[in-house]
Amino acid sequence: MSKKQVGILGENVLVPTHVGVIMDGNGRWAKKRALPRKFGHREGAKTFRTIARHAKAIGISYITFYAFSTENWKRPKDEVDAIMDLFEKYLDEVRDFMDENIRVRFVGDRTMLKPVLQEKMKKVEEDSKDFDSMTLVLAINYGGRDEIAHAVRSIAQDVADGKIGADRINESLIQSRLYTEEIPDVDLIIRPSGEQRLSNFLIWQAAYAEYYFTNILWPDFSKKDLEKAVLTFSERNRRFGGI
Ligand code: IPE
Ligand code: IPE
Ligand code: MG
């Protein structure tokens, strides 16, 4: 659900509570400049920092950035390694966000990540858990189908152990077992780079999301582009099945 937030866009703008961003187009950005793809990822990481801070200024309460999908392991090993190295740097820098009272969370299957990364992720989450200006969520090794399978496995185990009856399984129980647990449904999904698809991002949580697509490649995505997406959202008429 969206609530009225007064950020820099003023009080007449309905700011989405939760925004999802598919950070796409890094490879094409680099290709256009005849640079190796990893340079695009490096530039994309800079954009991430700018946009995360601007989201807070706008008054967005939750923002989830799709950084690496469960399908991205299909890429050449040197590209995957370069992205993983960037995360390690991201993680050190994410600590700066804590000075701004921002809570940091990660979603995705982290068991496949390097132990050092997992430890850093855990530490950042613990150290920032009480911050409340905004929740910044990073989706790393995240896949919506993987998330649902994980939730179903955990519920099935409880049923098998006799802890809950199968008749107790409903939407809110499933929701409570997702990686996003207490994070509200996503209101607005932004995808740059010209692609118009979810690519397995927040498929459960996006049931009633609005979409904003732009041809701009992620490294070129600016604060103004984020404002444009929010202003477009503010004009949409969401009915949630009603009239
Ligand atoms: C998004 O940019 C970053 C990741 C998926 C990690 P891409 O690397 O997909 O960039 P394009 O789509 O090839 O331009
Ligand atoms: C989606 O981008 C995943 C992330 C941005 C992390 P992809 O580049 O992997 O998506 P497809 O393959 O074009 O659908
Ligand atoms: Mg892509």
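Attention in this report is confined to the structure presented alongside it. For every chain, the first residue of its written sequence is number 1, and the numbers climb from 1 along that sequence. Labels follow written order: the first chain is A, the first ligand is 1, and so on. Since the coordinates come from a predicted model, pLDDT governs what is reported: local features require at least 70, and pairs of side-chain atoms require 80 or more to be given and counted, while whole-chain, interface and lining totals use all residues. The basis for the side-chain values is all heavy atoms of the structure; hydrogens and waters are excluded.

### Here we look at the environment of I51
Using the following cut-off: Only runs of H or I of at least four residues qualify as helices and only runs of E of at least two qualify as strands under DSSP, and these elements are numbered from the N terminus. For the exposure calls, accessible area comes from a 1.4 Å probe over protein chains only, and a residue counts as buried if that area is under 20% of its type's maximum, exposed if over 50%, partly exposed in between. Throughout, a contact is declared for two residues whenever any of their heavy atoms are within 4.5 Å.
Mapping I51 onto the fold places it in helix 2 (residues 37-58). With a relative accessible area of 0%, I51 lands in the buried category. Residues I51 and D225, spaced 174 residues apart in sequence, show a C-alpha to C-alpha distance of 9.5 Å. Not counting the four nearest positions on each side in its chain, I51 is found in contact with F65, W218, F221, S222, K223 and L226.

### Considerations on the pattern of salt bridges
Which entries qualify depends on this criterion: A pair is scored as a salt bridge if a Lys or Arg side-chain nitrogen falls within 4 Å of a carboxyl oxygen belonging to Asp or Glu.
Enumeration over the complete set of coordinates arrives at 24 salt bridges. Note that R28 and D24 form a salt bridge whose closest N and O atoms lie 3.5 Å from each other. For K163, the salt bridge is made with D158, and the minimal N-O distance between the two is 3.8 Å. Salt bridges here are not isolated pairs; linked through shared partners, they connect D24, R28, R191, E195 and R197.

### Details of the site of ligand 1
For clarity, the threshold we go by: The nearness test applies per residue and asks whether one of its heavy atoms lies within 4 Å of the molecule or strand. Throughout this description, a polar contact denotes any pair of N or O atoms lying within 3.5 Å of each other; where both atoms belong to protein, one of them has to be capable of donating a hydrogen while the other can accept it, and for residues adjacent in sequence the pair is counted only when both atoms sit in side chains. Computed by Shrake-Rupley with a 1.4 Å probe, the accessible areas treat only the displayed protein chains as cover when residues are assessed. In the scheme used here, Gly and all other residues not listed as nonpolar or charged are polar, with Ala, Val, Leu, Ile, Met, Phe, Trp, Tyr, Cys and Pro taken as nonpolar and Asp, Glu, Lys and Arg as charged.
Among the 13 residues in the neighbourhood of ligand 1, the closest are listed as M23, D24, R28, R37 and R75. A distance of 2.9 Å separates an oxygen atom of ligand 1 from a polar side-chain atom of R37. Protein contacts shield 86% of the accessible area of ligand 1, which totals 380 Å² for the unbound molecule. Elements with a contribution of two residues or more to the shell around ligand 1: helix 1 (26-32), helix 2 and helix 3 (77-98). Looking at the shell around ligand 1 residue by residue, the class counts come to three nonpolar, five polar and five charged.

### Topic: the site of ligand 2
Taken together, the residues surrounding ligand 2 are I22, M23, D24, Y66, A67, F68, N72, R75, R191, R197 and S199. R191 is positioned with one of its side-chain polar atoms (N or O) 3.2 Å from an oxygen atom of ligand 2. Between ligand 2 and the protein, one listed contact pairs an oxygen atom with a side-chain N or O atom of R197 at 2.8 Å. The biggest single contributor to the shell around ligand 2 is strand 2 (residues 62-69), with three residues.

### A closer look at the packing of aromatic side chains
Applied cut-off: For Phe, Tyr and Trp, rings pair up if their centres lie within 6.5 Å, where Trp contributes its six-membered ring, and each pair is then called stacked (planes under 30 degrees apart), edge-to-face (over 60) or tilted (otherwise).
As enumerated under the stated definition, the model contains 14 aromatic pairs in all. When the ring of Y208 is compared with that of F240, the centres are 5.4 Å apart and the planes differ by 50°; the resulting orientation is tilted. Remark: F240 occurs in the segment after helix 7 (223-235) and Y208 occurs in the loop between strand 5 (188-191) and strand 6 (210-213); sequence separation between them is 32 residues. A relative accessible area of 40% places F240 in the partly exposed class. Between Y211 and F213 the ring centres are 6.0 Å apart and the planes differ by 10°, which places this aromatic pair in the stacked class. Note on Y211: relative accessible area 28%, which makes it partly exposed. By relative accessible area, which is 31% here, F213 ends up partly exposed.

### Some words on the nonpolar core
In summary, soluble globular proteins display a tendency toward joint burial of nonpolar side chains. This is how it is decided: Working definition of a nonpolar core: buried Ala, Val, Leu, Ile, Met, Phe, Trp, Tyr and Cys residues. They are joined through side-chain atoms within 4.5 Å.
Counting 45 residues, the largest nonpolar core has F48, I63, F65 and L136 as its most contacted members. The dominant element in this core, judged by the number of residues it contributes, is helix 3, at 10 residues. In contact with I63, not counting residues within four places along its chain, are H18, V19, V21, A55, M134, T135, L136 and V137. Core analysis: the second largest hydrophobic core is formed by 15 residues, Y66, V137, A139 and A209 among them.

### Description of the sheet that holds strand 4 (residues 134-142)
Inclusion rule: Strand pairing requires that DSSP identify at least two bridges connecting the strands. Note on definitions: angles span 0 to 180 degrees between N-to-C directions of axes, and those axes are lines fitted to C-alpha atoms, for helices only across the stretch in contact.
Pairing is parallel in the open sheet, where six strands are placed in the order 3-4-2-1-5-6. One side of each edge strand has no neighbouring strand; the edge strands of this open sheet are strand 3 (102-107) and strand 6. Strand after strand, the sheet turns through a mean of 20° between neighbouring axes, direction not considered. With five bridges joining them, strand 1 (residues 18-22) and strand 2 adopt parallel strand pairing.

### Details of the packing of helix 2 against helix 7
The test is simple: Here roughly perpendicular refers to angles of 65 to 115 degrees, roughly parallel to angles under 35, roughly antiparallel to angles over 145, and oblique to all remaining angles. Helix crossings fall into two classes, left-handed where the near helix is turned counterclockwise from the far one by less than a right angle and right-handed where it is turned clockwise.
Between helix 2 and helix 7, the least distance of the axes is 10 Å, while the angle of their chain directions is 45°. Of the possible angle classes, the one that applies to helix 2 and helix 7 is oblique. Seen along the crossing, helix 2 lies across helix 7 with a hand that is right-handed. Contact with helix 2, carried on its side by T50, I51, H54, A55 and I58, involves K223, L226, E227 and V230 of helix 7 and no other residues of that element. Across the contact of helix 2 with helix 7, the residue classes break down as five nonpolar, two polar and two charged.

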